[in-house]
There are 4 protein chains.
Amino acid sequence: MKLFTAISLIFILTLNCMAQIPNDSIWWPSKWGSEDQRGAANYITPEKILEATSLIKKGQVYELGRVYEQDMPLLGSRHYKLTLKGLPSSGPTGDHQVVYNSELISGELGQVGTQFDGLGHVGTHVNGENIFYNGFKLSEFGTTEGLTKLGIENVGAIFTRGVLLDIAKYKNVKQLDSTYIISVADIEGTLTKQNVKITEGDVVLFHTGWGQLWMRDNEKYGRSEPGPGITAIKWLIEKGIVMTGADNWGVEAIPGEDPNRIGEGHQWLMNRNGVYNLENLDLSSLAADNVYEFAFIFVPLKLKGATGSPGNPIAIR
Amino acid sequence: MKLFTAISLIFILTLNCMAQIPNDSIWWPSKWGSEDQRGAANYITPEKILEATSLIKKGQVYELGRVYEQDMPLLGSRHYKLTLKGLPSSGPTGDHQVVYNSELISGELGQVGTQFDGLGHVGTHVNGENIFYNGFKLSEFGTTEGLTKLGIENVGAIFTRGVLLDIAKYKNVKQLDSTYIISVADIEGTLTKQNVKITEGDVVLFHTGWGQLWMRDNEKYGRSEPGPGITAIKWLIEKGIVMTGADNWGVEAIPGEDPNRIGEGHQWLMNRNGVYNLENLDLSSLAADNVYEFAFIFVPLKLKGATGSPGNPIAIR
Amino acid sequence: MKLFTAISLIFILTLNCMAQIPNDSIWWPSKWGSEDQRGAANYITPEKILEATSLIKKGQVYELGRVYEQDMPLLGSRHYKLTLKGLPSSGPTGDHQVVYNSELISGELGQVGTQFDGLGHVGTHVNGENIFYNGFKLSEFGTTEGLTKLGIENVGAIFTRGVLLDIAKYKNVKQLDSTYIISVADIEGTLTKQNVKITEGDVVLFHTGWGQLWMRDNEKYGRSEPGPGITAIKWLIEKGIVMTGADNWGVEAIPGEDPNRIGEGHQWLMNRNGVYNLENLDLSSLAADNVYEFAFIFVPLKLKGATGSPGNPIAIR
Amino acid sequence: MKLFTAISLIFILTLNCMAQIPNDSIWWPSKWGSEDQRGAANYITPEKILEATSLIKKGQVYELGRVYEQDMPLLGSRHYKLTLKGLPSSGPTGDHQVVYNSELISGELGQVGTQFDGLGHVGTHVNGENIFYNGFKLSEFGTTEGLTKLGIENVGAIFTRGVLLDIAKYKNVKQLDSTYIISVADIEGTLTKQNVKITEGDVVLFHTGWGQLWMRDNEKYGRSEPGPGITAIKWLIEKGIVMTGADNWGVEAIPGEDPNRIGEGHQWLMNRNGVYNLENLDLSSLAADNVYEFAFIFVPLKLKGATGSPGNPIAIR
């Protein structure tokens, strides 16, 4: 009787704890093994690289990265600061009178401007633990000087097929509404209209038109954003994509389908499925030229233990 | 008579000033026009990109970038510091209990670790002016908050044919001597042995073996370095290359051919000819696999007004 | 019966949790009230200030702060970096041809060089919570952008009587041994020899001679340190002091009396009793001049939400 | 004849250069010797310290420093950023389960918020040289890593008599107009009304009421400011003061008496006379309590080679 009571109590306590788990499933171990730290980057096989290479027919490059500058849109209290170390920074020295310039940069690099979210960026708080991709616990891999697991240096080169979904054009607008939630139907309609398919290992970029606000109305740019809803994100993950990206600051619609679950797309992408995210892209030229499939190349900086990386991704056709 | 005397005096004064010019030629306007800010990146045409693409046959990627970490070899008083902004940095929030991590980075990014030297990095002090690529004067384009000309954001993607010169292997050593000066004969011999050619628009990387000291003997690594001498650099520039690179910290041999002109190769490359430089590469895997030509890809971060960029260049075959 | 069992179980669970408490007492609420954020700074009354003022008889100032420089001894991976923003940083402008210089600084300011530890610096992990002075929980007052309680901006001016304990001289050595633990007997002997007393509201500084290693043998300086042991620290706290300080990097002896409780003096000082700590002082001149009591002045920077402050404290007699 | 011509030409050239000198006098060597780096801090003798000490009668302290926070008013592109290094930043460790917090700070410290301008902050461009206090040339003492002369570490403690000039109250306003130029008559009238005198070695603080805009209307705060004009500043310098200060961002009126010579007061203070400047003070409490003379204490951080220092100056009576 006593034993039964004790067990009941433990059961109740446990139940109470479990109730804190935001979703009913456990997302680990990863399909790439319980020690995997690269997630969906594993989709990029030599064959996939060759497939992407075969899309390069004109030798035309599109830079998708934004310029990093102090006044760009920044989330919350983040900052970015570049300072020249003197003009010149050293010299002249020698008979050749050489002078050098260099600069000091400080900021939340990896999480300002064009930014690539790594697998150490987003997790879920469950029963007192912050759990990341592959079930790794932040209490075990996090240090103030950098992550000892899931650091951006593990990702490697993202050289794969890229697909642009010009949702704005599909909806016949220059810019989607400020909180527009892109649906699966929108994606399917766009794919049909553009006559392209999403295949395993692709990078999928959304043109929403929201990027037109960049450096023009930064306040509006950051207040909300149109983008794929959680339903569309789950659908994309099922396709086996490597990464989503968009011409907005967080890819997924904000506030999205459930105002009590803002940013949940990040959890489904990185945290649960190891799928990456690329934010604050400039997709205007790709969209203007109706370029819907291309070789996509991005290589994160090997910043030891970092959660993200700045970058200047390119599309080539 | 008076007039003549005055003119003589001015002539003498001018002559005296000219005497300060380290070399007898004026290097501007650039062959790409007096307003050009991209230098040798102009060699990269769509045709060159397609040529590079044709080298991708296996879909095999080599990352050439070093890991950025606080204890890596650093020139002079430069620093690099990454700090996680809390573990987690924000959250948990919402019903989905999402948590986020982000990091703060400070340092001479662009001039620490694997680094790409832009055209605003090196100049020559002539008659009281610091003159850079295309004759641009630092007094006119330099500001404390960034360069208004020659900033790294102008470069664009470097997607071209890459050539590895394994000089160490050619000389039958694991590592060239600490001050070894690579000659034109060394390069020609290596090209012959490797059965490759250098063509216009190529990126040329030197494997010296010096990179074996990285994180093993940082002090020795930074004290000097083997690399191409000024003679070899001029020879390379004549070939119309886009960029040199090496598994050392400054590409060119230090102290080089003339101890009173240390670093003069930088002036001939960037300052006079708009040819870029890529330092602190990891070329060990390329060399181990005997990969001597490949598609080379590097895209500088669009850091507004910066002199350089960090990066993780890749070679693909 | 059931109820009893349940209660037992809860009791056992609770007991188990309590067992994690490193000490058997609860240290809050503070004697200055449950909302107090200033701790022992409350000892400094107008009367105490006047007492300190009465010690100023010669008008002689001793600066106790170290010079902040990049190569100073730094704990762990901390850094300090000062960069001039151009030479000059702006100008010349106007008919008056004015030029300005300014600098950029980055580092763990407040925890590098001469540093004042605030009450948000040290806490104790108890039952899953990090508990600080006055029982405040870090989970409730900590944010990535700064502490919302116990920030250094709450402290105010430390203008009070200062006492120097020249323990090195008392022990007839230039420098105490690397792990020497100063005992209560040492303090009492020194006070007797120096003919001074410790009274409520005083700042007590220890001259150990360890500071002679500063910038001479930084590695040895940081490896361990002589200083008061936990027993002496508790004794000092009983005297009602405002702050301890020393010519070493952490004031208390490291490793101290119990190698499994390194740094516990910090907990007794700041965490439990609101007594401050001042590290990396230069006490050589005070000691050389046999100055054992003086007006002591230090005013922390009002860095919002910071855990510490850099500074240049002074002693005046 | 030839010789004469040459000399004439040199004379004309020289004259032309001299014409660039903004004022007809040479301001060096300093009255404290040609090697002096402390300027007006030399006025602070032991006697002056004792005079200041004699003003401490109540033991009442006024903190004059502003809180440093990311959103405070900042000049131009300057920034200030504090980031907690984790919550906690380290631990728990040991049987005592100690946890620590620390923060990373970056910014133009010394030139943001409450700031003390040192003698390396302001100079004059004359004939191609940037000349600072005591005739020191920036080309000779400036390095990217810090000034080798006139660094803030040379100043020492400012412990002296302070005088508050409540010009706003004298003019019967809460806040002086946005570009109001305080005249010598204003100062003399205020001194008479307040029944105080300015004596050699004093610090003179101006209460303009402008500080009421701090964190309330930062944009207006930074656009202009009331303060002493160049005439009043010269008058003050004649009195032998150590420092001016005010509840605005630059002390002197901006734009001041001559819109082509904005900031010239800085040159007369620091550059020519070695008199310091203290900006962004909070003088509201002193003014509210009608405290017009007091002991003033400020000790710059010993930031090696820096142009300025943050701080929290105090007034005590």
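Described below are features of the structure shown in this document. Position labels on residues start from 1 in each chain and follow its written sequence. Each chain gets a letter, beginning with A, and each ligand a number, beginning with 1, in the order they are written. Per-residue local features are limited, in this predicted model, to residues with pLDDT of at least 70; the limit for side-chain atom pairs, both in listing and counting, is 80 or more; totals at the level of whole chains, interfaces and linings are taken over all residues. Excluding hydrogens and water, the side-chain figures rest on all heavy atoms present in the structure.

## Some details on the environment of D:Ser106
Consideration 1: Summarising the element assignment, D:Ser106 is placed in strand S5 (residues 103-107).
Consideration 2: Each residue gets one of three labels from its accessible area relative to the maximum for its type: buried under 20%, exposed over 50%, partly exposed in between, using a 1.4 Å probe on protein chains only. D:Ser106 sits in the buried class, given a relative accessible area of 6%.
Consideration 3: When checking whether two residues touch, look at their non-hydrogen atoms; a contact exists if any pair is within 4.5 Å. Contact partners of D:Ser106, with chain neighbours within four places excluded, come to A:His79, A:Ser106, C:Ile105, C:Ser106, D:His79, D:Tyr80 and D:Lys81.
Consideration 4: Pairs of N or O atoms are called polar contacts if they sit within 3.5 Å, as long as, within protein, a hydrogen donor faces a hydrogen acceptor (for residues adjacent in sequence, only side-chain-to-side-chain pairs). Within the local environment of D:Ser106, its side chain forms a polar contact with the side chain of A:Ser106, the two groups lying 3.5 Å apart.
Consideration 5: A polar contact of 3.0 Å, which involves the side chain of D:Ser106, links it to the side chain of D:His79. What counts as a helix is a DSSP run of H or I of at least four residues, what counts as a strand is a run of E of at least two, and both are numbered from the N terminus.

## Some points on the interface of chain A and chain B
Accessible area lost on assembly of the parts is the figure often given for the size of an interface.
Consideration 1: Contact with chain A, which involves 89 residues of that partner, is made by 88 residues of chain B.
Consideration 2: The term buried area denotes the loss of accessible surface (1.4 Å probe radius) that occurs when two parts are joined, taken as the sum for both partners. Interface of chain A and chain B: buried area, both sides summed, is about 7000 Å²; carbon and sulfur atoms make up 61% of it.
Consideration 3: The working definition used for a salt bridge is a side-chain nitrogen of Lys or Arg within 4 Å of a carboxyl oxygen of Asp or Glu. Scanning the region where chain A abuts chain B turns up 8 salt bridges.
Consideration 4: Note that B:Lys81 is salt-bridged to A:Glu145, the shortest N-O span being 3.1 Å.
Consideration 5: The interface formed by chain A and chain B includes 36 residue pairs in polar contact (both at pLDDT 80 or more).
Consideration 6: In this classification, the charged set is Asp, Glu, Lys and Arg, the nonpolar set is Ala, Val, Leu, Ile, Met, Phe, Trp, Tyr, Cys and Pro, and all remaining amino acids, among them Gly, are polar. Among the residues making up the side of chain A that touches chain B, the classes are represented as 36 nonpolar, 36 polar and 17 charged.
Consideration 7: Across 3 bridges, the pairing between strand S4 (residues 98-100) of chain A and strand S7 (residues 122-126) of chain B is antiparallel. Residue pairing in the sheet places A:Val99 in a bridge with B:Gly123 of S7(B). One requirement defines pairing of two strands: DSSP has to find at least two bridges between them.

## Looking at the packing of aromatic side chains
Residue and element names in this part refer to chain A.
Consideration 1: Whether two aromatic rings pair depends on their centres lying within 6.5 Å, for rings of Phe, Tyr and Trp, where Trp uses its six-membered ring; planes under 30 degrees apart make the pair stacked, over 60 edge-to-face, and the rest tilted. Following the criterion strictly, the structure yields 28 aromatic pairs over all chains and no others.
Consideration 2: A ring pair is formed by Tyr68 and Tyr80, whose centres lie 6.1 Å apart and whose planes are at 45°; its orientation type is tilted. Of this pair, Tyr68 sits in the loop between strand S1 (61-63) and strand S2 (80-84) while Tyr80 sits in strand S2, placing them 12 residues apart in sequence. For the pair Tyr68 and Tyr80, a shared accessibility class is recorded, and that class is buried.

## Let's talk about the environment of D:Gly245
Residue and element names in this part refer to chain D.
Consideration 1: Turning to its location among the elements, Gly245 is positioned in strand S15 (residues 243-246).
Consideration 2: Exposure remark for Gly245: the relative accessible area of 0% places this residue in the buried category.
Consideration 3: Sequence separation between Gly245 and Val203 is 42 residues; the distance between their C-alpha atoms is 7.6 Å.
Consideration 4: In this structure Gly245 touches Val204, Leu205, Phe206, Val251, Leu278 and Leu281, once residues within four positions along its chain are discounted.

## Quick notes on the relation of the copies chain A and chain B
Consideration 1: Only residues with pLDDT of at least 70 in both copies contribute their C-alpha atoms to the least-squares superposition of the copies. Of the transformation superimposing chain A on chain B, the axial component is 0.0 Å and the angular component is 180°, with the fit at an RMSD of 0.0 Å. Such a combination of turn and shift is consistent with a two-fold rotation axis. Within chain A, A:Ser106 has its C-alpha nearest the rotation axis, a separation of 2.1 Å.
Consideration 2: In this assembly the copies share their binding face: 99% of the residues contributing to the interface of chain A also contribute to that of chain B.

## Here's the deal with helix H5 (residues 184-194) of chain A
Residue and element names in this part refer to chain A.
Consideration 1: Among the residues of H5, Val184, Asp186, Ile187, Gly189, Thr190, Leu191 and Gln194 are the ones counted as buried.
Consideration 2: Summarising the contacts, the buried residues of H5 are in contact with strand S11 (158-166), helix H4 (167-170), strand S12 (181-182), strand S13 (203-207) and helix H7 (230-238).
Consideration 3: Two residues or fewer past H5, Asn195 is found with a positive phi of approximately 60°.

## Let's talk about the interface of chain B and chain C
Consideration 1: Taken together, the 11 residues of chain B in the interface contact 11 residues of chain C.
Consideration 2: Carbon and sulfur atoms make up 41% of the area that chain B and chain C hide from each other, which totals about 880 Å².
Consideration 3: Put simply, chain B and chain C have 4 salt bridges between them.
Consideration 4: The salt bridge involving C:Glu108 is made with B:Lys81; its shortest N-O contact spans 3.1 Å.
Consideration 5: Applying the counting rule to chain B against chain C returns 13 residue pairs in polar contact (both at pLDDT 80 or more).
Consideration 6: Grouping the amino acids of the side of chain B that touches chain C by side-chain chemistry returns no nonpolar, 6 polar and 5 charged.

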